[in-house]
Amino acid sequence: MSSLFNDYQPGSFFDEMFSAPDAARDHYSGIMGSIGTLTPAEYAARQRTADMVFLRQGVTFTVYGDDQGTERIFPFDLMPRIIPHKEWERVESGLIQRITALNLFLNDVYHGQKIINDGIVPRELVESASHFRPEFRGVKVPHGIYIHICGTDLVRDGKGEYFVLEDNGRCPSGASYMLENRNAMKRTFPGLLQSLPVRPVDAYGSMLRETLAHLAPPSVIDPNIVVLTPGVFNSAYFEHCYLAKQMGVPIVEGRDLILKNDRIFMRTTKGLQQVHVIYRRIDDDFLDPLVFRKDSLLGVPGLVNAYQNGHVALANSIGTGVADDKAVYALVPKMIKYYLDQDPILPNVPTYLGVDPKECEYILANLPNLVVKAVNESGGYGMLMGPHSTKEEQEKFAERIRANPRNYIAQPVLNLSRHPVFQGDHFEGRHIDLRPYVLYGDRIHVVPGGLTRVALKKGSLVVNSSQGGGSKDTWVLWDDE
């Protein structure tokens, strides 16, 4: 054992790196032979180097409404999270199964609604979802694919079992941090990745571009693709610019696009240029003021009509948000069984629905022991961590649940797995999750790795950057030899 980890205690949680205080797991043996031999001072110097890389590269995110300012350098912990080959095979299979079922569900609810008519999914649950778009019933989307880019959040419990925490099928973020984490590792430990059987993630930009190109109108051989951003004040603006650069495509705002002859054109210094595919990082509500919010200045008037007529493609499709609804999430295992006649490879976290009267009673009676979530909130907002909440907070949430039960779900508190995180001059365990990225074009690609998010606050279970979380590089091994 290196002095770096002499005092490290895995505790009572499942630890990703150690099976016991003095025993690293087999798939970490390669990295222990290099990183593990450093002294705390040497490791701290490498961590500072990585932090400087992020500072120079401008790897940032935005926190709204914070007194300390909005623009932040994304916190990065240098010790990578490693996933062995066989473990990843199961994760990959489960993600492919899940995005397949979700796309079949979306195609169904916007067309025949068989799953509703057969009583598997309640009609009221779907139609009351805030991101369900009834005006898009009967609209054909390219290749019948609604979710082209998905970030599915996974957690592991106290036994090391994987669970799906939620699906992000509207505008999943974080892929740029996944790529920059890997770049930082290469700069900080040159040669280390080449010496170990780690699968690359660098091809994400080209894979994303191929996925988007697949959606172009059939007659277009070399489609013009753009990234549509709300602008510089959006929390993920760094990522929008980064991914546009990775793909070699323009980044545009709504004011840069115009409708002409039922087609979308981009204003350029050489005149108007037709756009065939839009990777939009704008929610449905703001896409087109003629259809959705009339006060939106972020979208493009007439865009929806051009989309419905097949003259431009959108990724992800309008209406995918119904599958992000946390109450609809609870029924994904039933979707997998219904559409694929399979059992879920990656199970859901057990979930209680506020809209169900009996389950709502259970939630209200057990608030101190549950995690309660608003169905359409993200980023760690709109949530009650029961065991860490006060009586007053529980009473406020009880009032909200009674006033709008459809808007809440509850789940048991999982003992999330932990991973060593460097704290000053030593390592401490911190809770983590994993957001792998799935691309659905001519076939389904699962990027080998993803964004491991870390709850940097001691004891916290909230990994979101807006709540003080950071991230790690995620290494998937080619083999387990």
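Here the structure is a predicted model, which is why all the values come from computation and not from measurement. Per chain, residues are indexed from 1 in the order of the written sequence. Given that this is a predicted model, residues contribute local features only at a pLDDT of at least 70 and side-chain atom pairs are listed and counted only at 80 or more, while totals for whole chains, interfaces and linings are drawn from all residues. Excluded from the side-chain calculation are hydrogens and water; included are all heavy atoms of the structure.

Asker: Go over the overall build of the protein chain, please, and point to the residues and values.
Answerer: Looking only at helices and strands, the protein chain has 15 helices and 24 strands in total. The globule rule is 2.2 Å times the number of residues to the power 0.38, and the radius of gyration it is compared with is taken over C-alpha atoms. Against the 2.2 N^0.38 benchmark of 23 Å for 481 residues, the protein chain shows a C-alpha radius of gyration of 23 Å, consistent with a compact globule. Structurally, the protein chain occupies a C-alpha span of about 70 × 60 × 50 Å along its principal axes. Think of it in three bands: residues with accessible area under 20% of the maximum for their type are buried, residues over 50% are exposed, and the middle band is partly exposed, with areas taken using a 1.4 Å probe on protein chains only. Classification of the 481 residues of the protein chain by burial places 54% in the buried group. For the protein chain, the share of sequence-separated contacts (at least 6 apart) that also reach a separation of at least 24 residues comes to 68%. Computed with a 1.4 Å probe, the accessible areas rest on the Shrake-Rupley method; for each residue, only the protein chains presented here act as cover. When the accessible surface of the protein chain is summed, it comes to about 20300 Å², and 50% of that surface belongs to carbon and sulfur atoms. Counting from the N terminus, the helices are the DSSP runs of H or I reaching at least four residues and the strands are the DSSP runs of E reaching at least two. By definition, residues are in contact when any of their heavy atoms lie within 4.5 Å.

Asker: Which residues make up the nonpolar core, and what values go with them?
Answerer: Residues enter a nonpolar core if they are buried and are Ala, Val, Leu, Ile, Met, Phe, Trp, Tyr or Cys, with the set joined through side-chain atoms within 4.5 Å. Grouped together as the largest cluster of nonpolar side chains are 74 residues, with contacts concentrated most on Phe105, Leu257, Ile264, Ile278 and Val322. Apart from residues lying up to four places away in sequence, Ile264 is in contact with Leu257, Ile258, Leu259, Gln273, Gln274, Val275, Ile278, Val300, Leu303, Ala306 and Val312. The next biggest cluster of nonpolar side chains, apart from the first, holds 60 residues, and it includes Phe5, Met17, Phe189 and Leu439.

Asker: So what's going on with helix α2 (residues 40-57)? Residues and values would help.
Answerer: Helices are assigned an expected span. That span is 1.5 Å times one less than the residue count. Compared with the 26 Å implied by 1.5 Å per residue over 18 residues, the 26 Å span of α2 between its first and last C-alpha is a close match. Of the residues making up α2, those classed as buried are Tyr43, Ala44, Gln47, Ala50, Val53 and Phe54. Across the axial projection of α2, the buried residues extend over an arc of 165 degrees, all falling on one side. Turned more than 90 degrees away from the buried face of α2, the exposed residues are Ala41, Arg48 and Arg56. In the stretch just after α2, Gly58 is the one whose phi turns positive, near 70 degrees. In this description, the arc belongs to the directions extending from the helix axis to the C-beta atoms.

Asker: Hey, could you go over the sheet that holds strand β16 (residues 370-374) for me, with residue numbers and the actual values?
Answerer: Whether parallel or antiparallel, the strands of a sheet pair through hydrogen bonds between backbone atoms. Taken together, four strands build an open sheet; the order of strands is β15-β18-β16-β17 and the sheet is antiparallel. Edge positions in the sheet fall to β15 (352-353) and β17 (383-385), since each has one partner strand and no second. DSSP calls a pair of strands paired once it identifies at least 2 bridges connecting them. As paired strands, β16 and strand β18 (residues 408-412) are joined by five bridges and run antiparallel to one another. Pairing of Val371 across the sheet is with Gln411, part of β18. Docked against the sheet, helix α15 (residues 391-403) engages β16, β17 and β18, running at close to 140 degrees with respect to β17. Lines are fitted to the C-alpha atoms to define the axes, a helix being fitted only along its stretch in contact, and any angle between axes, read from their N-to-C directions, falls within 0 to 180 degrees.

Asker: Requested: an account of unusual backbone geometry, with residues and values cited.
Answerer: In this structure, the amide linkage connecting Ala315 to the following residue, Asn316, adopts the cis form with an omega of -5 degrees. Secondary-structure assignment places Asn316 in the loop between β14 (313-315) and α11 (321-324). Positive phi values are uncommon outside glycine, yet Asp341 reaches one of about 55 degrees. Mapped onto the elements, Asp341 comes out in the loop between α13 (332-340) and β15. Note on Asp341: relative accessible area 61%, which makes it exposed.

Asker: Account for the environment of Val227, with residues named and values stated.
Answerer: As for its position among the elements, Val227 is in strand β8 (residues 225-228). Spatially, the C-alpha atoms of Val227 and Gly271 are 19 Å apart, while their sequence positions differ by 44 residues. Beyond its immediate stretch of four places on either side in the chain, Val227 contacts His240, Ala244, Met247, Val249, Pro250, Ile251, Val252, Tyr279 and Arg281.

Asker: Break down the packing of aromatic side chains for me, with residues and values.
Answerer: Centre distance within 6.5 Å is the pairing criterion for rings of Phe, Tyr and Trp, where only the six-membered ring of Trp is used; planes under 30 degrees apart are then read as stacked, over 60 as edge-to-face, and the remainder as tilted. Applying the stated criterion across every chain, the model contains 16 aromatic pairs. Arranged with centres 6.0 Å apart and planes meeting at 15 degrees, the rings of Tyr177 and Phe238 form a pair that is stacked. Linking Tyr177 in helix α6 (residues 175-188) with Phe238 in helix α9 (residues 237-247), this pair joins segments that are 61 residues apart in sequence. We note that Tyr177, like Phe238, is buried. An aromatic cluster of at least three residues, connected via ring pairs, comprises Phe5, Tyr8, Phe18, Tyr43, Phe422 and Phe427.

Asker: Explain the pattern of salt bridges residue by residue, including any values.
Answerer: Definition used for salt bridges: Asp or Glu carboxyl oxygen within 4 Å of a side-chain nitrogen of Lys or Arg. What the rule picks out here adds up to 25 salt bridges. For Glu87, the salt bridge identified is with Arg156, shortest N-O distance 3.4 Å. Highlighted residues: Glu87 in helix α3 (residues 85-109) and Arg156 in strand β6 (residues 149-156), separated in sequence by 69 residues. By relative accessible area, which is 7% here, Arg156 ends up buried. Shared partners join several salt bridges into a network, and the residues in it are Glu16, Arg81, Glu87 and Arg156.

Asker: Quick rundown of the pairing of strand β12 (residues 271-274)? Include the residues and the values.
Answerer: In this structure, strand β11 (residues 263-268) lies alongside β12, joined through four bridges in antiparallel fashion. What sits directly across from Phe265, in β12, is Gln274. With antiparallel pairing between neighbouring strands as the criterion, β11 and β12 make up a hairpin whose turn holds two residues.

Asker: Go over the pairing of strand β20 (residues 426-435), please, and point to the residues and values.
Answerer: Of all ten residues in β20, nine are buried; the element is thus mostly enclosed. Joining the antiparallel neighbours strand β19 (residues 418-423) and β20 is a turn of two residues, in which Gly424 adopts a positive phi near 80 degrees.

Asker: Before we move on, could you go through the packing of α6 against α9 and cite the residues and values that matter?
Answerer: Contact geometry of α6 with α9 gives a least axis separation of 9 Å together with a crossing angle of 70 degrees. Taken together, the axes of α6 and α9 are roughly perpendicular relative to one another. For the pair formed by α6 and α9, the contact residues are Ala175, Ser176, Tyr177, Leu179, Glu180 and Asn183 on the first element and Phe238, Glu239, Tyr242, Leu243 and Gln246 on the second. Any angle between 65 and 115 degrees counts as roughly perpendicular, while under 35 counts as roughly parallel, over 145 as roughly antiparallel, and the rest as oblique.

Asker: Residues and numbers for the environment of Leu456, please.
Answerer: Along the chain, Leu456 turns up in the loop between β23 (451-454) and β24 (470-476). In this structure Leu456 comes out as partly exposed when scored by relative accessible area, which is 25%. Along the sequence, Leu456 and Phe136 sit 320 residues apart, while their C-alpha atoms lie 42 Å from each other.

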